[in-house]
Amino acid sequence: MSSVAVLTQESFAEHRSGLAQQQVKVTALNSEEENDPPTYKEAFPPLPEKAPCLEAAQEPAGPWSKIRPIKASVITQVFHVPLEERKYKDMNQFGEGEQAKICLDIMQKTGAHLELSLAKDQGLSIMVSGKLEAVMKARKEIVARLQTQASATVAIPKEHHRFVIGKNGEKLQDLELKTATKIQIPRPDDPSNQIKITGTKEGIEKARHEILLISAEQDKRAVERLDVEKVYHPFIAGPYNKLVSELMQDTGTRINIPPPSVNKTEIVFTGEKEQLAQAVARVKKIYEEKANSFTVSSVSAPSWLHRFIIGKKGQNLAKITQQMPKVHIEFTEGEDKITLEGPTEDVNVAQEQIEVMVKDLINRMDYAEINVDHKFHRHLIGKNGANINRIKDLYKVSVRIPPDNEKSNLIRIEGDPQGVQQAKKELLELASRMENERTKDLIIEQKFHRTIIGQKGERIREIREKFPEVIINFPDPAHKSDIVQLRGPKNEVEKCTKYMQKMVADLVENSFSISVPIFKQFHKNIIGKGGANIKKIREESNTKIDLPAENSNSETIVITGKRANCEAARHRILAIQKELANITEVEVSIPSKLHNSLIGAKGRFIRSIMEECGGVHIHFPTEGSGSDTVTIRGPAQDVEKAKKQLLHLAEEKQTKSYTVDLRAKPEYHKFLIGKGGGNIRKVRDNTGARIIFPTTEDKDQELITIMGTEEAVKEAQKELEALIKNLDNVVEDSMVVDPKHHRHFVIRRGQVLREIADEYGGVMVSFPRSGTQSDKVTLKGAKDCVEAAKKRIQEIIEDLEAQVTIECTIPQKFHRSIMGPKGSRIQQITRDYGVQIKFPDREENPAPVAEPAVQENGEEGGEGKDGKDADPSSPKKCDIIIISGRREKCEAAKEALQALVPVTIEVEVPFDLHRYIIGQKGSGIRKMMDEFEVNIQVPAPELQSDIITITGLATNLDRAKAGLLERLKELQAEQEDRALRSFKLTVTVDPKYHPKIIGRKGAVITQIRTEHEVNIQFPDKDDESQAQDQITITGYEKNAEAARDAIMKIVGELEQMVSEDVTLDHRVHARIIGARGKAIRKIMDEFKVDIRFPQSGAPDPNCVTVTGLPENVEEAIDHILNLEEEYLADVVDNEAMQVYMKPSSHEESKAPSKGFVVRDAPWATVNNEKAPDMSSSEDFPSFGAQVAPKTLPWGPKR
């Protein structure tokens, strides 16, 4: 009994070959025929034995045997030119002259290297080295230019000339290079058959011989043309041109069969006469055999049906070709016919089958063509073909849209007639909608693009959700474009445009910016403690406020937002400044045409006025506004001064303005200006001219500008030039200063001396070295500067001489308050009064009050009392502040310090309101303390005290008390309001109505709560102790009653409602509910009813409950019963169709496949060898890959 092997079925149909093919019997997988399976040798015939090859035996086998030997790329050849053939025979000029020039020229042209030498017979030897091509070119040039030329002719038949020339003249070029000659062949229109050869004798002979050989070879050959119908050409060529190749090899004849794309029937034979005759006879024999047993037929079929006849992946056609493998079926694009070629009987059978197929397709298929502008094609296709694939799947049709490069508008729809019409309708609707679409470019400044898009695209996502049919494209940020493109239906694009324009208008409105100059010392007050003030202004005015950095010289605060909000914030900031200082604001009318000249280059002129007048702020209107109003703001006295100067300057500009520039070293500028601007003011008062010095920002630090009338400017120029001239006159002087005062001048790294040098034109002041007892101080600099510096040093010495020290007693607990933040208050007093203030060290562990004070030796300067024992009533050392300076200034500073001592007052506030005054985490009390600059102390809760203490400066206490009492009134009013708002009302409502009162997602109850401003509490279902029918309403009495009436009204409506059950087939429930309940919600809204469907697993799956007013319930039931009838018809039809539907492919293929069965396989013999392992690379090696031998535990097999 033989066993069988299983393999996969494959069929190979060879047609048009004309050769007898070995028939392979194939058993189908599901065949029920009882024929014996083929044997293994029949199914897999063995390969022929390899003939031994002597040549192969000599060479080692392996891939290395195929590699060609590597040849050198550089070659060397030697050419000899006899004496009689030399063109240049002068022996004296060897190596130079014309011959040498020619050799150099040849080397440059060809890239070859030439070496010349003379032989004994005076012949010329030339050695040429280089690449083969370069050597051959050089040889040709040498023969032509260094050797005498001869010429000869050779006569061959005219028709042989083309064989001498070769393809594209290549053969002729090779011949000329090889023989170093010039060969001239007559033109085709010249009747002459003479070929002229020019060159050396040797070269001419070689060329003549080669040409005669070519001609002789052509004499032996013949050409014949055979006319064979195009349809038989494949049979003559054979599969993969195998037959014609064998024929050419056997006969040595060249056979040229025109390719299928060329519409020629002529086959050309070229070769020797006898062999050519054999080839022609064999081709004729093949033709006659095929002509007798071969038929060409055609079937008429519309070209659009061809692909349906072929079927998916050629399935339909494969059925015919498997039965009749010798029949060739050809479909020509654009032609309404199918061509069949092959044996007559097979062609007839195939023709019948195709005709039946065509008839069936014509009956059940249709096509339609529609014209749609090609620019809409890509939108019809959709992203990744989404739209067109949906239409194809939905209507079971094929839609052919031409490619973009064809620019065709024709779209073809093929398939089921009904599906074709539906697809056509939908495509036309889509196209119509697209024609109604429009593209609009919206100009939006690029700076707003990021804001419109929003963080992570949140804002643009909202816009796209609002207008889903509109495509919004923003330009690439790198392109710096302002154009935003909108595309979609016309109406939607217009709506989206308006929406986005409104958004941009809001952004523009919110991006208004205003600059407010505020004196630097008030910035901290505007910020407030912990940024409280600035935060409040920002929140209440809804603006963005940017302050300059602390280390910046800028005084400008920038406010950004809506114009009205910016103005409000500006007004509040200015109000803070006005409240803190004696700031006034004055408006001056100056013609707008003079504004630019008054401001000056980079604001030089106006800046000089502002600095001269104590840093006032002068604000000019924006350019182009046409306003003449200039605003001056600052301390009243400085504002008045600036106003006069500004008006005077404007008057000068209107009459006649004259300007002159002077130059002086920057270190002289302060001296020229003088202390507090005294010197320069004197010059201006004398002359009436304005003098402007450069600021630190100006590039040219030496330039001084004088402005005014010509006469005034010239006079001021004269005075300044005299001053500058004096400053250039350097002198050295000395003065006597008591050594006890030296330390004052040199301490802090000589700060006092640096200030003197800056103020008086860079004068150098040298004090004697410490340790020497000299009192001589040397001054060096401009004469005037030295005199002024001496005067200033003398003033300082007088102050030091007149200096006294007084004591100011203030309890240590107030010292921190007096100093102020970062010592600002004490620094201000020091500057204002020119004194030095020293605070005592803090007492870490102060002694109890009852104990006597520690005894101190010495005199108490503050009280002027003598005593050896410490007086208990005497001040403590830690309370005494030392003030040093002139007596009158020390007294004034003492008064200023005592004015800073905080005072405490008490305010009565009911204890139960304390927690509201403190606020959440102390925010309320902190806000009041920051606002009034006081300390507010609330008593501890356990004390139950009503007294709140306020500590601060006397000037701030009244405001703080008034503020606290105002807050008390507000809290009492809120307390009364809370009592009114806590009125409670209880309503009894059956729990079954509670869900309806609450509404979907709490919509109904939320509306009642919002409308009546009440809190409504429903009973907790889980708490059994609560009455489940009690609803509690809390709020104002009037509002609570109104909310109760609203609830009772809903209850009244609910009590009138009825519930009815209706039987609906469960198969239509999903259709009635709709996607995400959309359809059922629409019905419930339309009929004002509630419809409940049964849960899964309910006893009666068809029972549906409808609740509402009686008349509404009846109408709703009628409507859903009508829907049931309509949907049920579809369900029945679908179920009926399922009976006739073909089962799915996976169900059909459940039966196990036998595969391909063979008998007498090698592994089924008596040796009981194992079946081959399909996954083994040794048993089934891949082509061209080396097989790795199997490794065994005991080594390789022997």
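In the block above lies the structure referred to throughout.
This section reports on the structure supplied with the text. (Residues numbered from 1 in each chain as written. Predicted model: local features only at pLDDT ≥ 70, side-chain atom pairs only at ≥ 80, totals over all residues. Heavy atoms only, no water.)

The number of helices and strands found in the chain is 43 helices and 44 strands. For the chain, restricting intrachain contacts to residue pairs at least 6 apart in sequence, the fraction spanning at least 24 positions comes to 68%. Of the roughly 78,000 Å² of accessible surface on the chain, a fraction of 50% belongs to carbon and sulfur atoms. (Helix = DSSP H or I, 4+ residues; strand = E, 2+ residues; numbered from the N terminus. Contact = heavy atoms within 4.5 Å. Areas by Shrake-Rupley, 256 points an atom, 1.4 Å probe, with all protein chains shown as cover.)

We now examine helix α19 (residues 490-510). End to end, α19 covers 30 Å across 21 residues, agreeing with the expected 30 Å (1.5 Å per residue, within 8%). Where α19 is buried, its residues meet β17 (437-443), α17 (449-453), α18 (458-466), β18 (471-473) and β19 (483-489). (Expected span 1.5 Å × (residues − 1).)

With that settled, the discussion passes to a negative patch on the surface. Taken together, the side chains of Glu1060, Asp1061, Asp1100, Glu1111, Glu1114, Glu1115 and Asp1118 define an acidic patch exposed on the protein surface. Those elements giving two or more residues to the negative patch turn out to be β41 (1058-1063) and α42 (1110-1140). In terms of residue count, the dominant contributor to the negative patch is α42 (four residues). Within the fold, Glu1115 resides in helix α42. Residue Glu1115 is classed as partly exposed on the basis of its relative accessible area of 46%. (Patch = residues over 30% accessible without salt bridge, like charges linked within 9 Å, V, L, I, M, F, W, Y side chains within 5 Å. Salt bridge = Lys/Arg side-chain N within 4 Å of Asp/Glu carboxyl O. Lys, Arg positive; Asp, Glu negative; His and termini not counted. Charge placed at Lys NZ, Arg CZ, Asp CG, Glu CD. Buried < 20%, exposed > 50% of the residue type's maximum accessible area, 1.4 Å probe, protein only.)

A separate point is the environment of Met503. With respect to the helices and strands, the residue Met503 is situated in helix α19. Given a relative accessible area of 12%, Met503 falls into the buried group. The spacing of Met503 and Phe448 is 55 residues in sequence and 10.0 Å in space, taken between C-alpha atoms. In this structure Met503 touches Ile452, Arg459 and Ile463, once residues within four positions along its chain are discounted.

Here the structure, examined in full by the defined rule, presents 26 salt bridges. In this structure, the salt-bridge partner of Glu266 is Arg225, at a minimum N-O distance of 3.4 Å. Taken as a pair, Glu266 in strand β10 (residues 266-272) and Arg225 in strand β8 (residues 221-227) lie far apart in primary sequence, 41 residues in all. For Glu266, a relative accessible area of 38% puts it in the partly exposed group. A relative accessible area of 53% places Arg225 in the exposed class. Among the salt bridges present, the one from Glu369 reaches Arg412, with a minimum N-O distance of 2.7 Å. With Glu369 in strand β14 (residues 366-371) and Arg412 in strand β16 (residues 410-415), this residue pair connects regions lying 43 residues apart in the sequence. Owing to a relative accessible area of 39%, Glu369 belongs among the partly exposed residues under this scheme.

Before going further, it helps to spend a moment on the packing of aromatic side chains. Evaluated as defined, the whole model comprises two aromatic pairs. Here the aromatic rings of Phe745 and Phe767 are separated by 5.0 Å at their centres, their planes lie at 25 degrees, and the arrangement is stacked. With Phe745 in helix α29 (residues 742-759) and Phe767 in the loop between β30 (764-766) and β31 (776-782), the pair connects residues that are 22 residues apart, well separated along the chain. Just as Phe745 is buried, Phe767 falls in that class too. The ring centre of Tyr1127 lies 4.3 Å from the NZ or CZ of Arg1071, which sits over that ring. (Phe/Tyr/Trp six-rings, centres within 6.5 Å; stacked < 30°, edge-to-face > 60°. Lys NZ or Arg CZ within 6 Å of the ring centre and 35° of its normal.)

Let's shift gears to a positive patch on the surface. The grouping of Arg1000, Lys1001, Lys1078, Arg1081 and Lys1082 at the surface amounts to a positive patch. Its location among the elements puts Arg1000 in the loop between α37 (994-998) and α38 (1003-1012). The class of Arg1000 is exposed, set by a relative accessible area of 62%.

Let's shift gears to helix α6 (residues 170-179). Restricting attention to buried positions, one finds in α6 the residues Leu172, Leu175, Glu176 and Thr179. Angular distribution of buried residues about the axis of α6 spans 100 degrees; they occupy a single face of the element. Two residues or fewer past α6, Ala180 is found with a positive phi of approximately 55 degrees. (Arc of directions from axis to C-beta.)

Here the focus is the sheet that holds strand β5 (residues 150-155). One open sheet holds the three strands; their spatial order is β5-β7-β6, and the pairing between them is antiparallel. With partners counted over all chains shown, the strands left at the sheet margins are β5 and β6 (182-184), one partner each. Averaged over all pairs of adjacent strands, the angle between strand axes in this sheet comes to 20 degrees, irrespective of strand direction. In this structure, β5 lies alongside strand β7 (residues 194-199), joined through six bridges in antiparallel fashion. By the bridge assignment for β7, Ala150 is matched with Gly199. (Pairing = 2+ DSSP bridges. Axes fitted to C-alpha atoms, helices over the stretch in contact; angles between N-to-C directions.)

Time to look at the nonpolar core. Core analysis: the biggest nonpolar cluster contains 40 residues, and Leu672, Phe745, Ile756, Val765 and Ile793 have the highest contact counts within it. Only β26 (658-663), α26 (666-673), α27 (678-687), β28 (703-708), α28 (710-728), α29, β31 and α30 (783-801) provide two or more residues apiece to this core. Sort the elements by how many residues they give to this core and α30 lands first, with eight residues. The residues contacting Leu672, other than those within four sequence positions of it, are Ala664, Asn679, Ile680, Phe693, Ile704, Leu720, Leu723, Ile724 and Leu727. (Core = buried A, V, L, I, M, F, W, Y, C linked by side-chain atoms within 4.5 Å.)

With that settled, consider the environment of Lys927. For Lys927, the position within the fold is in helix α35 (residues 923-932). Between the C-alpha atoms of Lys927 and Lys529, which are 398 residues apart in sequence, the distance is 8.9 Å.

It is worth spelling out the sheet that holds strand β15 (residues 397-400) at this point. Strand order across the open sheet formed by three strands is β14-β16-β15, with antiparallel pairing between neighbours. With one partner strand each, in any of the chains shown, β14 and β15 form the two edges of the open sheet. The sheet shows a mean angle of 20 degrees between the axes of neighbouring strands, direction not considered.

A few words now on the side chain of Arg487. Its location among the elements puts Arg487 in strand β19. Other than its neighbours up to four places away in sequence, Arg487 contacts His379, Glu437, Arg438, Thr439, Glu469, Val470, Ile471 and Val493.

Notably, Tyr240 is not glycine yet its phi reads approximately 55 degrees, a positive angle. As for its position among the elements, Tyr240 is in the loop between α8 (233-237) and α9 (242-251). On the basis of relative accessible area, Tyr240 is assigned to the exposed category, the value being 81%. Of note in the backbone geometry, Lys1088 takes a positive phi value of approximately 55 degrees without being a glycine. Here Lys1088 shows up in the loop between α41 (1078-1087) and β42 (1090-1092). A relative accessible area of 62% places Lys1088 in the exposed class.

This part is about the packing of helix α12 (residues 315-323) against helix α13 (residues 344-364). Put simply, α12 and α13 touch, their axes get as near as 10 Å, and they point 160 degrees apart. In terms of orientation, α12 and α13 fall into the roughly antiparallel class. Handedness of the α12/α13 crossing: right-handed. On α13, the residues that touch Asn316, Ile320 and Gln323 of α12 are Ala350, Gln353, Ile354 and Met357. (Parallel < 35°, antiparallel > 145°, perpendicular 65-115°, else oblique. Left-handed = near helix turned anticlockwise from the far one by under 90°.)

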